[in-house]
Number of protein chains: 2
Amino acid sequence: MLSIPKKVEIIEVGPRDGLQNEPRPIPTGQKKELISGLAKAGFSRLEATAFVHPKWVPQMSDAEEIAAYCNQLGIPYIALTPNLKSLERAIAANVKQIAVFVGASTAFNMKNINKTTKQSLDECEIIFEKAKDRNMFIRAYVSTAFSCPYQGDVSFDELNEVCKRFVRLGADEIDLGDTNGFANPQIVYDRFSRLKELYPDAVFVGHFHDTKKMALANVLAALLAGIDKFDSSIGGLGGCPFSPGAKGNAATEELIWMFNEMGVETGIAYERLEGVSAFAKSLSTRLANY
Amino acid sequence: MLSIPKKVEIIEVGPRDGLQNEPRPIPTGQKKELISGLAKAGFSRLEATAFVHPKWVPQMSDAEEIAAYCNQLGIPYIALTPNLKSLERAIAANVKQIAVFVGASTAFNMKNINKTTKQSLDECEIIFEKAKDRNMFIRAYVSTAFSCPYQGDVSFDELNEVCKRFVRLGADEIDLGDTNGFANPQIVYDRFSRLKELYPDAVFVGHFHDTKKMALANVLAALLAGIDKFDSSIGGLGGCPFSPGAKGNAATEELIWMFNEMGVETGIAYERLEGVSAFAKSLSTRLANY
């Protein structure tokens, strides 16, 4: 028998990471319908929205309304708050779990937020302090944890630099993102194993994309390293919306099928996902007719 | 580091397993072009054709011409010879490597060839004797090695019953087929590990389909069990031709990408596959416009 965890938590990120890049504005009502379907399917947590400037990400301009809806449903959810202004909005919206992100590669940080990795981490420190004052749960994403679309290889030291700081700041979970989907099972196993050895009390999460069809193989590799929390996106939402047939985030239903077949407990029945997966795909330009 | 083989053999099965179910007759010239492209890409072996009754599998009615073409190219190849009549045709065509198959599930054998597993194995015994007399290399497929589209679960004992006989008959390699693509990494690891323990001198091959997107995860699980030979099909040819978007065999280029990234030697350069993969897809009703 493969030595892997008996039970995992799947955190559904479709409503945020999945829909964020959709070119067509998705009506708030349809997002609520998606979230309600996911809540009914039995997820313990969702990543529901992002408090970002509506000029940069118009798709997330209804963050307050989505947060209010989740509060009303009573489902635990995460909201992305990349800066102090976001955090203030999230606090006002009564959000309990926030997420920040820093790329392990400086090239990625410069391209995305025009800051070096160190500048991003310094800003996180202030966000962490404020959030901790309010007992918020903090998810810390490390983007480009395995490789970077701009600089190519990302060294373990670059990754560790960010993880070390997040551990010191007291992140409740550290989420390693395979941003471009180029990670392979060997690097995934190595990096998670080394980080768990360095920070035995930290909680790590695996976040994979399916660009090269390796999402499930990478999940397996992370499981072998003892990881028991995984992000995924219903219907495989996410990825580049203009590339039909291209792959987005690891698809929730595919992860759950695999876990169920392997006897790894997820708490989610596959059959209950089918309707919500079909609905999720119908919202996506890339997946609607696919 | 994951403990896996440093080097693997990829056996390309597209020209036979991939094209066999194509509804449109594929001109022999196009098959030759595919085989020639694969030979140039550096494969050590192909499964090129099947000597089966043209009434049942019209797509393979040019087996003699394909065998002659491979002999002329000088690329090692396997031809499927499911019965004595097939074997005689293969011998006449100067084939050096043959393949037979028996399902681990009796339900599958009855449905496919109207024989019980035992009857199939008895027929194999006669084929093996004749083939061994001529020093042919014998690949022995175990279909439905993990689960069966007709009976569901297949027990390890059912699988072992067939493997034991193939070992005793002196098969040069035993190829476990995930016929319906429902295997999961746990069962793959378990079964290969147990078989290798029972038959340390036997050579095993993994043959996966991507129905549930687990092909690469299953390849990884087999690697972890020490398996170093894998079948795959260029472009993902194979599977049900009438189901657009459905998945066929594990796609050669996806396997090779993953192995290359993991530092596992395949002897095949990814870049050299792209042209032949595009050509392979153009031959397929399911993949042509996909």
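Scroll up to find the structure this text is about.
Rules used throughout
- The residue numbers shown here count from 1 along each chain, following its written sequence.
- As they are written, the chains are lettered A onward and the ligands numbered 1 onward, keeping that order.
- Whole-chain, interface and lining totals are the exception, using all residues; otherwise, since this is a predicted model, local features are given only for residues with pLDDT of at least 70 and side-chain atom pairs are given and counted only at 80 or more.
- In computing side-chain properties, one takes all heavy atoms of the structure into account and sets aside hydrogens as well as water.
- Buried Ala, Val, Leu, Ile, Met, Phe, Trp, Tyr and Cys residues that are joined via side-chain atoms within 4.5 Å together make up what is termed a nonpolar core.
- The buried label goes to any residue with under 20% of its type's maximum accessible area, the exposed label to any with over 50%, and the partly exposed label to all in between, with areas taken from a 1.4 Å probe on protein chains only.
- The contact rule is simple, with two residues in contact once any of their heavy atoms fall within 4.5 Å.
- Points on a 1 Å grid, built from protein atoms alone, make a cavity when a 1.4 Å probe fits but cannot get out and make a pocket when they are open with protein on both sides within 12 Å along at least 5 of 7 lines; residues with an atom within 4 Å of a point are the lining residues.
- Grid points are joined across faces, edges and corners, and a volume is the space filled by probe spheres set on the points.
- Helix numbers and strand numbers start at the N terminus; a helix is a DSSP run of H or I with at least 4 residues, a strand a run of E with at least 2.
- In superposing the copies, a least-squares fit is computed on C-alpha atoms, taking residues whose pLDDT is at least 70 in both.
- Only strands joined by at least two bridges in the DSSP assignment are considered to pair.
- Between the N-to-C directions of two axes lies an angle of 0 to 180 degrees, each axis being a line fitted to C-alpha atoms and, for a helix, fitted only over the stretch in contact.
- Geometric relationships in this document are graded by angle, where less than 35 degrees denotes roughly parallel, more than 145 denotes roughly antiparallel, 65 to 115 denotes roughly perpendicular, and other angles denote oblique.
- Should the near helix be turned anticlockwise from the far one by less than a right angle, the crossing is left-handed, and should it be turned clockwise, the crossing is right-handed.
- Polar here means any residue outside two lists: the nonpolar Ala, Val, Leu, Ile, Met, Phe, Trp, Tyr, Cys and Pro, and the charged Asp, Glu, Lys and Arg; Gly therefore counts as polar.
- By buried area we mean the combined loss of accessible area, with a 1.4 Å probe, across both parts when two parts are placed together.
- Between Lys or Arg on one side and Asp or Glu on the other, a salt bridge is scored when a side-chain nitrogen of the former is within 4 Å of a carboxyl oxygen of the latter.
- Polar contact criterion, stated in full: a pair of N or O atoms within 3.5 Å, where within protein one must be able to donate a hydrogen and the other to accept it, and residues adjacent in sequence count only if both atoms are side-chain atoms.

Caption draft 1: Just the nonpolar core, in detail. Residues Phe166(A), Leu176(A), Phe166(B) and Leu176(B) are the most contacted members of the largest nonpolar core, which totals 207 residues. Phe166(A) has contacts with Val100(A), Val102(A), Leu121(A), Cys124(A), Phe128(A), Ala140(A), Tyr141(A), Val142(A), Ala171(A) and Ile174(A), leaving out every residue within four places of it along the chain.

Caption draft 2: Structural view of empty space enclosed by the protein. The final tally for this structure, using the stated rule, is two cavities of 30 Å³ or more. Taken as a whole, the largest cavity spans an internal volume of roughly 70 Å³. Along the walls of the largest cavity sit Asp210(A), Lys213(A), Ala215(A), Leu216(A), Glu254(A), Asp210(B), Lys213(B), Ala215(B), Leu216(B) and Glu254(B), which together make up its complete lining. Residue assignment for the lining of the largest cavity shows that the elements contributing at least two residues are α9 (215-224) of chain A together with α9 (215-224) of chain B.

Caption draft 3: Summary view of the relation of the copies chain A and chain B. Once chain A is rotated about the relating axis by 180° and shifted along it by 0.0 Å, it coincides with chain B to within an RMSD of 0.0 Å. The operation mapping one copy onto its partner corresponds to a two-fold rotation axis. Closest to the rotation axis within chain A is the C-alpha of Ala217(A), separated from it by 1.9 Å.

Caption draft 4: Broad picture of the pairing of strand β10 (residues 229-232) of chain A. Residue and element names in this part refer to chain A. Of the two faces of β10, the one carrying Lys229 and Asp231 and the one carrying Phe230 and Ser232 are both buried. Relative to β10, strand β1 (residues 9-12) runs parallel, the two being bridged by four bridges. Each residue of the ladder has a partner; that of isoleucine 11, found in β10, is aspartate 231. Where strand β9 (residues 204-207) lies against β10, two bridges are found, and the strand directions are parallel. When the sheet's bridge partners are listed, histidine 207 is paired in β10 with aspartate 231.

Caption draft 5: Structural context of the packing of helix α2 (residues 28-41) of chain A against helix α11 (residues 274-283) of chain A. Residues and elements named next belong to chain A. Between α2 and α11, the least distance of the axes is 10 Å, while the angle of their chain directions is 155°. For the element pair α2 / α11, the angle class is roughly antiparallel. Note that α2 runs across α11; the crossing there is left-handed. From α2, Gln30, Glu33, Leu34, Gly37 and Leu38 reach across to α11, where they touch Val276, Phe279, Ala280 and Leu283. Looking at the contact of α2 with α11 residue by residue, the class counts come to six nonpolar, two polar and one charged.

Caption draft 6: Representation of the packing of helix α2 (residues 28-41) of chain B against helix α3 (residues 63-73) of chain B. Residue and element names in this part refer to chain B. The interhelical angle for the contact between α2 and α3, taken along N-to-C directions, is 30°, at an axis separation of 11 Å. Taken as axis vectors, α2 and α3 run roughly parallel relative to one another. The chirality of how α2 crosses α3 is right-handed. Between α2 and α3, the residues in contact are Thr28, Lys31, Lys32, Ile35, Ser36 and Ala39 and Glu65, Ile66, Tyr69, Cys70 and Leu73, respectively.

Caption draft 7: The arrangement of the interface of chain A and chain B in detail. Listed per partner, the contact involves 25 residues of chain A and 25 residues of chain B. Here chain A packs against chain B, burying approximately 2500 Å² in sum over the two surfaces, 64% of which is carbon and sulfur. At the junction of chain A with chain B, the criterion picks out two salt bridges. Along the contact surface separating chain A from chain B lie eight residue pairs in polar contact (both at pLDDT 80 or more). Looking at the side of chain A that touches chain B, the elements with two or more residues in it are α8 (185-198), α9 and α10 (252-262) of chain A. Each residue belonging to the side of chain A that touches chain B can be placed in one class, and the counts come to 17 nonpolar, two polar and six charged.

Interpretation note: all reported values are geometric properties and have no functional meaning in isolation.
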